[in-house]
Every structure is written in C-alpha cells, then in structure tokens.
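The primary structure of each chain is shown beneath.
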Amino acid sequence: MSKTTVSAPRGVWLVARRELNTRVRSKAFVIGTLAIIIVIAAYVGVMFFVGQSMSRTTVGMTGQANVLAEPLKASARSLGEDVSVTTVPDVATGERQVTEGEIDVLVSGATDQLQVLVKKDLGTQVRAALESLVRQQALDAELAEAGLDPNAVRASVAGAKFEVRTIEPDDPERGERLGVAMGITFLLYGSLLMFGMAVAQGVVEEKSSRVIELLLSSVRPWQLLAGKVLGIGLVGLLQMGIVAAVGLTAAIQLGVLTLPQGAVLMTVLSAVVWYFLGFFLYAVMFAMAGSLVSRQEDINAVVQPLMFSAIIPFVLTFITIPRDPESKLLEVLSFIPPFSPIVMPARAALGVAPAWQVIVSIVLAVAALAGLIWLAGRVFGNAVLRTGSRVKLRDALRAS
C-alpha cells in the first residue's frame, strides 16, 4: 500500500477536525453538556435563594413591641442583617404564623421585657439587635428616673469612638472570588479528566478496530497524536465555554456575582489559558498511556496514576483554599506540572498569586509540555501499532 504524503499542519488539522466533528455531533456531548448546564443553573439558583433567605428575617410584632419596629430594623441593619417587620394582631395569630413559616420571629410584651418566639433558633444578628434594644429601653428608664435626658446621654455616648487600623485591607469581594475560584477548579478538573480519558479511549478504540492503521497510511504518528489531542481539546473547550457562559450569566443576572466585569473577563481568559495547558499536559499523557494497551478493559490500569495526579491537587485545593488561601503547600503545588493547571487558576482567581508566580508557573508548564510531547511522540509511535498484550513503557521507548 502506497503512503499518501500529507503536510504536517494539514495532517494534524485533518485528524483534529475528524475528532471535533464526530464528538460535537454525538448524543453523549449534547446530553452531557445539557446535564452539566442544568446542574450549574440549579446550583446558582440554590445559592441565590439560600442567600436571600439567610440575609432576610421577617419579624412580627404585637402590642407594645410595635414601637420598636424602626429601631429594630436600624439596629439589625448595622449588624449586616436585613429585617422586615410586620404587625401581628395578637400573640395567638403570631404563634400560628411562626409555626406555618409566615414569619421567622414573633416579638411581644413590654418594651423592657420582650417575649420572643421562634420556630427553632434565633439568628445571631437578630438576637444581638433585640438584646441591644432591650438594654437601651432599660437604660432609658433608669436615666429618666434619675432626671437625665436619655436623648442627650445617647448623643454623648455615640460620640465616643475608637480608630481601627488594618495591616491588610478587608476584601469585600472575597466570598465571590472564592466562589469563582472553586467553580473554575471544578470545571477544569472535570474537563481535564473527562476529555483526557476520551483521548485514551479513542486511541484504544482505533487500535482495536485497526482504524489506526488506515490513519497512519496518510499521517505520521506524531501528527495523529497532535490532531487527536487538539480536536478533543477543542471539544472540551467548547463544552466548558458553554457551561461557563450559562453559569456566569445566571450568576450575574441573579446578583449572586457582582464582581467588576473586567475582573471576571480576566479570570475567564486565565481559565482558558490554563485549560489548554492542562488539557494538553494530561491529554498527551493519556494518549501515551492508551497506546500501550489494545483493549478498553485495560485502560484503567494504565491511566490510574494519571488520574491520581489530578485528583490529589483537586482535593487539596477544595479543602485548603477556603480556610487558608495563602497555603504554602498550594503555593508550591501551583508551580509543579501537572498540578499547576488545577491549583494555580484557583489561587489567581482569589487574588493570592502575584503576577510573577502565574508567569513562572505558565513557563514551567510549557516547558514540561514540550518535553512530554517529545516523550509521548516516541512512545506513541512505537506502541500504537502493537496489538495484543500490554506494551511495557521501556519497550515503547526503544527505537523501533
């Protein structure tokens, strides 16, 4: 059989286009993408409603307690709690409304001896606001009895202040940045493993069906490897882009994400860069591993070490970064390929990775990728046409 000569760029693109067209049009891609979108949308919706319910407390007041409605709202607001107050005709009606969940808190009784009823637990901020009001009412009564003007005393007390200086300013957007960092970590981890595994399965499938022999009659082994990785990588980027666009749009529209658009755009662009670096690192390793076996049931044995190299930094990032964003362990891991594509994007999104660290990490990842491509091309070229028993790595490294 004569071998048709194809230029290197064209050979790579032909394989990549084949992978892209085949996988994007498959039911698995469509159903998988829709499933992820539904999960992301549901998560954003739950976060919105949980945030709304946690930030607002409905207080019902009856009898003399009604005079404390406005002071209670002002006191709660100063503590960061959004309180809405409604008038309840009597205690019995208020108890029924608390039981049925119409109101969260019922306040009744005299202003200096309030009676508070809740279904399960009284929130910390609301408790503090009510305690402050009760104490203020008791103090006002004592001042009035002593012949002093309560308003004048309160004005004098309010003038007493203290100055607070901070070494590091508080970041009011930290919670949102943490959410974005965790979301990026999850998407990158899931996409790298899912589509990296697809590369290994595709290689084994073509080896077992002998399709790979037909492909290698037109392109070189390294072109087949590069095209397969590029094509599946574009499929993964497309799916991740769709999911991220839906998630970000929903979060922005519902007010869950209020970060400046410039910061969000830079985070997204950074995630795209890290996706390609991470995917190529893992996909090349998965393709190399897949070329060593000829049966689908043998794949897990050769890719398991690669999966652990992604699972370990993913778990460490999820556990560590919420409580210790500046962890030295994560800082070190963010420089080591193949851990860096999972760890560094989260640190960068949270704002704890200086620009020089990100640049150094990218350079190291590119250098590791270059060396890995050379190694994978050698293994892939020597092992991809061997069928039957599993090919040992040292045998695949030998020149054919």
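Residues numbered from 1 in each chain as written. Predicted model: local features only at pLDDT ≥ 70, side-chain atom pairs only at ≥ 80, totals over all residues. Heavy atoms only, no water.

### Re the UniProt feature "transmembrane region" (unreviewed entry) in the protein chain
Following the UniProt record, one finds the feature "transmembrane region" (unreviewed entry) at residues 28-51, 178-204, 225-252, 264-289, 301-321 and 355-376. Taken end to end, residues 178-204 is 100% helix and 0% strand, and its two terminal C-alpha atoms sit 39 Å from one another. (UniProt positions renumbered as here; feature names shortened; annotations may be inferred. Helix = DSSP H or I, 4+ residues; strand = E, 2+ residues; numbered from the N terminus.)

### Quick look at the pattern of salt bridges
Summed over all chains, the structure comprises eight salt bridges. In this structure, the salt-bridge partner of Arg18 is Glu19, at a minimum N-O distance of 3.6 Å. Here the salt bridges share partners, and the residues they tie into one network are Arg18, Glu19, Arg23 and Lys228. (Salt bridge = Lys/Arg side-chain N within 4 Å of Asp/Glu carboxyl O.)

### Considerations on the environment of Ile336
Topologically, Ile336 is positioned in the loop between α12 (328-333) and α13 (340-350). Take Ile336: its relative accessible area is 35%, and that puts it in the partly exposed class. Between the alpha carbons of Ile336 and Ser361 there is a distance of 7.5 Å; along the sequence they are 25 residues apart. (Buried < 20%, exposed > 50% of the residue type's maximum accessible area, 1.4 Å probe, protein only.)

### Digging into the nonpolar core
In this structure, Leu224, Phe279, Phe286 and Val303 are the most contacted members of the largest nonpolar core, which totals 68 residues. For this core, the secondary structure elements donating two or more residues are α7 (174-208), α8 (211-215), α9 (221-253), α10 (261-290), α11 (299-320), α12, α13 and α14 (355-383). Element by element, the count of residues in this core is highest for α7, at 15 residues. When residues no more than four places from it in sequence are discounted, the contact partners of Leu224 are Val15, Ile212, Leu215, Leu216, Val219 and Phe380. By size, the runner-up hydrophobic cluster in this structure holds 16 residues, among which are Ala69, Ala76, Val83 and Leu122. (Core = buried A, V, L, I, M, F, W, Y, C linked by side-chain atoms within 4.5 Å. Contact = heavy atoms within 4.5 Å.)

### What to know about the packing of α9 against α14
Interaxial distance between α9 and α14 falls to 9 Å at its minimum, and their mutual angle equals 115°. Judged by the twist between their axes, the crossing of α9 over α14 is right-handed. For the pair α9 and α14, contact is made by Pro221, Leu224 and Leu225 and by Ala376, Gly377, Phe380 and Gly381, respectively. The residue inventory of the contact of α9 with α14, partitioned by class, reads five nonpolar, two polar and no charged. (Axes fitted to C-alpha atoms, helices over the stretch in contact; angles between N-to-C directions. Left-handed = near helix turned anticlockwise from the far one by under 90°. Nonpolar A, V, L, I, M, F, W, Y, C, P; charged D, E, K, R; others polar.)

### Notes on the packing of aromatic side chains
Evaluation of the coordinates by the stated rule reveals seven aromatic pairs. Aromatic pair Tyr189 and Phe314: ring centres 3.8 Å apart, planes at 10°, arrangement stacked. With Tyr189 in helix α7 and Phe314 in helix α11, the pair connects residues that are 125 residues apart, well separated along the chain. In this structure, Tyr189 and Phe314 share a single accessibility class: buried. (Phe/Tyr/Trp six-rings, centres within 6.5 Å; stacked < 30°, edge-to-face > 60°.)

### So, helix α4 (residues 91-99)
Note on helix geometry: an α-helix contains 3.6 residues per turn, so any two residues three or four positions apart are oriented the same way. Taken as a whole, α4 has its buried residues at Thr93, Gly94, Gln97 and Val98. Along the long axis of α4, the arc covered by the buried residues comes to 135°, so they all point the same way. Exposed residues lying more than 90 degrees from the buried face of α4 are Ala92 and Thr99. Buried residues along α4 sit against β3 (105-110) and β4 (113-118). One side-chain oxygen of the residue at the start of α4 lies 3.3 Å from the amide nitrogen of Ala92, identifying that residue as Asp90. Taken from the residues just after α4, Gly101 is the one with a positive phi, measuring 80°. (Arc of directions from axis to C-beta. Polar contact = N/O pair within 3.5 Å; in protein donor to acceptor, adjacent residues only side chain to side chain.)

### Some points on the environment of Asp82
Mapped onto the elements, Asp82 comes out in strand β2 (residues 82-87). Judged by its relative accessible area of 34%, Asp82 falls in the partly exposed class. Taking the C-alpha atoms as reference points, Asp82 and Val126, 44 residues apart in sequence, are found 9.3 Å from one another.

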